[in-house]
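# Observations on chain architecture
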Amino acid sequence: MEGTKLEISGAKVPNETHSPTATYKQLPENDMEDQVPARPKSLIKETTNSELDGADERMLPDEDKKLSSNINIAEVKFTSNDKQNGDAKLDIGEIKTGFVGMGKEELMKYANDPFWVRLRWFLFILFWALWAGMLVGAVMIIVSAPKCDPPEPKTWWEEGPLTEVSLGDTAWTVDDLKLLKDEGFTGVIIPYPGDTYKQLNATGPFMAFLNLTKKLDINVIVDLKPSVSQMWLNQSATKDADFANFYIWSDGSESKPPNNWLAKDSNDNEKKTAWTFNNARKQFYFSPEGLPHLNFREPAVVDKFTKVLEGFLDAGVKGIRLNGAPNLLVNSQLVDETPKQQPSDISQNHYDFYMHTKTEYLPELGDLLKPWRHLIKNKTDNAGVFMLAENLETLKPFKVNSTLVVDLPKHSNVFQQEISTAENLKDRLDASIKFLEHNWPMWQVSNESSVDLSAVAYLLKGSMILNKDTKIEADLKEVRKSASIIFGSQQTHLMANRTVFAYVRVHSGNPGFIVAVNPTDELVVVDFLIEVPKVADEVTVQYIKIPTEGVSLKMKHTSSGFPMAPHNTVVLSYVPKSD
């Protein structure tokens, strides 16, 4: 059997034939180290006879990387022979080549190779191109994503408050109007004196007032009553072709009106029909308020009032308030009114005995009013207001395709009566808010109360009509300007065992406000920290109607244990806690 000879390089060389197993005398370890050239110990592995060929390979240690990167490694098996004391047998197996990577010098050979230079530049450019593409893509996603539109700024009539004045016997002066403007009123409502359909007198009291308001840039809303006029009664009574249908006529005898419709001032003591007999035409005309009622189913009548609106808008008014709008249309068949269902202590002679579904709030009203709204908006660059004077009983007739065609719907019944309890105030206010269907309403306080209802109404969602002599606290004016009041949400609460009413106004990113009322005769301590969601540990007093011991204007107070004097109204601000 041929053997192999081991050289320092590890290469196999042919050798002469000799005994299959070469035996060598074991030398002392120190002698071997002197005679054998130094080589890494990792190249030699001691194994037993039971181990298989092709055992572990190891990389060169760092200090040996100066050797060639490709080293022929021979597996050497060392076995001892018990029978030959002092002898050792070496079995030289198959020589294997191990790859241990390239050294620095070898790598540097490729550093300036054109292929690798181009590849590095390509990968470098590709990386930054991809990075820039992802950046641009992220920006495009942000830019093209649907945005949350900021809330539209409120108009002058939405911000309010408004006030109502009359021309009276005394002429208005610039100083009088300056007082109104300094008080913070954003608009003035003034009823038009006389017949709505009479041509504007350029030198009359109304135009004199209007010209003064223009000097001070005060917005004027004129109150008009379009339903009644006597201007064309005679022509209509004689059946003039152009005016024959300007009024609502019906046959009947002098003692028997056409139906059971009553005048608005009809009462238990005196029954008054809504009809007036005309001797010239030998017919009744509809006159529920004493004056002849115009027929707004006649296109010529609608055109007449449209021209009236154009005249006032061209003169410089910024808004129109209709008086008597729910009664503009009546049932064309003149059907009798139906009595109310619930038992009543009033007689059938009283106006309130009937439901008035044939003479009020007819469903066609929305279609009648819609063109007038468009006219007002177009003439005022969408800054004008089109509103109604009445506390409305329903909104449905004033809608077209589910859209309300009037601004500032009014439903102020909540402030028409004395406030007895906190529960009573909350129930009435919640009912009004539900009725208004989240439209921007008009509030009006028309009764004297033991609590400051003006402050309560002033900070509600909506605008407000105040008496011209009302003094608005400067602190309340500042609170009114807050985004939480103009744009914020509104929630009502009962606190302190249902003895205190409060509502909370808050808008994201802005201070929240608490308006609280104690209608009782007792001092009540309120824990706002428990009652109001996300309220801070501390509140600031922005307004207080009745000074209370330990509480003063602009002071900070803990949210818990806040004292409220009897019949007191307070406005508190706080920083809402984050979620």
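Residues numbered from 1 in each chain as written. Predicted model: local features only at pLDDT ≥ 70, side-chain atom pairs only at ≥ 80, totals over all residues. Heavy atoms only, no water.

Quick note on the threshold: UniProt positions are given in the numbering used here, feature names are shortened, and annotations may be inferred rather than shown by experiment.
Under an unreviewed UniProt entry, the name given to the protein chain is alpha-glucosidase, and the organism recorded is Nicrophorus vespilloides. Recorded under Catalytic activity (unreviewed entry), the UniProt text for the protein chain is reproduced unchanged: "Hydrolysis of terminal, non-reducing (1->4)-linked alpha-D-glucose residues with release of alpha-D-glucose."

## What to know about helix α6 (residues 205-215)
Heads up, the condition is: Burial status follows relative accessibility: with a 1.4 Å probe on protein chains alone, a residue under 20% of its type maximum counts as buried, one over 50% as exposed, and anything between as partly exposed. The secondary structure listing takes helices from DSSP runs of H or I that are at least 4 residues long and strands from runs of E that are at least 2 residues long, numbered from the N terminus. In this analysis, two residues are considered to be in contact whenever any of their non-hydrogen atoms come within 4.5 Å of each other.
Among the residues of α6, those classed as buried are Phe206, Met207, Phe209, Leu210, Leu212 and Thr213. Tucked inside the fold, the buried residues of α6 contact α5 (174-182), β7 (187-191), β8 (219-224) and α8 (299-315).

## Let's talk about the packing of aromatic side chains
To describe a pair of aromatic rings, you give the distance between the ring centres and the angle between the ring planes. We count it as follows: For Phe, Tyr and Trp, rings pair up if their centres lie within 6.5 Å, where Trp contributes its six-membered ring, and each pair is then called stacked (planes under 30 degrees apart), edge-to-face (over 60) or tilted (otherwise). By definition here, charges over rings are those cases where NZ of Lys or CZ of Arg is within 6 Å of the ring centre and within 35 degrees of the ring normal.
With the rule as written, the count across this model stands at 24 aromatic pairs. Note on Phe243 and Phe246: the rings are 5.0 Å apart at their centroids and 70 degrees apart in plane angle, and the pair reads as edge-to-face. Considered together, Phe243 and Phe246 belong to a single accessibility category, that of buried residues. With a centroid separation of 6.0 Å and 80 degrees between ring planes, the pair formed by Phe296 and Trp372 is classed as edge-to-face. Of this pair, Phe296 sits in the loop between β11 (283-286) and α8 while Trp372 sits in helix α9 (residues 365-379), placing them 76 residues apart in sequence. The pair Phe296 / Trp372 is uniform in exposure class, with both members buried. Joined through ring pairs, the aromatic side chains of Tyr197, Trp232, Phe243, Phe246, Phe296, Phe305 and Trp372 make up one cluster. Directly above the aromatic system of Trp440 lies the positively charged group of Lys154, at a separation of 4.2 Å from the ring centroid. Over the aromatic face of Tyr458 sits the side chain of Arg480, whose NZ or CZ is 5.6 Å from the ring centroid.

## Points about helix α10 (residues 422-436)
Cut-off, in case you're wondering: Expected span of a helix: the number of residues minus one, times 1.5 Å.
Given a rise of 1.5 Å per residue, 15 residues ought to cover 21 Å, and the 21 Å separating the end C-alpha atoms of α10 matches this to within 8%. Among all positions of α10, only Ala422, Leu425, Lys426, Arg428, Leu429, Ser432, Phe435 and Leu436 are buried. Those residues of α10 hidden inside the fold are in contact with β16 (442-444), β18 (489-495) and β19 (500-506).

## Description of the pattern of salt bridges
Filter applied, for reference: When a carboxyl oxygen of Asp or Glu is within 4 Å of a side-chain nitrogen of Lys or Arg, the pair counts as a salt bridge.
Inspection of every chain in the model, using the stated rule, returns 17 salt bridges. For Asp223, the salt bridge identified is with Arg321, shortest N-O distance 2.6 Å. Taken together, the residues Asp223 in strand β8 and Arg321 in strand β12 (residues 319-322) connect sequence positions 98 residues apart. Classification of Asp223 as buried rests on a relative accessible area of 7%. Using a relative accessible area of 6% as the deciding quantity, one classes Arg321 as buried. A salt bridge links Lys577 to Asp537; the nearest nitrogen and oxygen atoms lie 3.4 Å apart. With Lys577 in the segment after β25 (568-574) and Asp537 in the loop between α14 (528-531) and β22 (538-544), this residue pair connects regions lying 40 residues apart in the sequence. Overall, Lys577 belongs to the partly exposed group, its relative accessible area being 40%. A single salt-bridge network, built from bridges that share partners, covers Glu164, Asp223 and Arg321.

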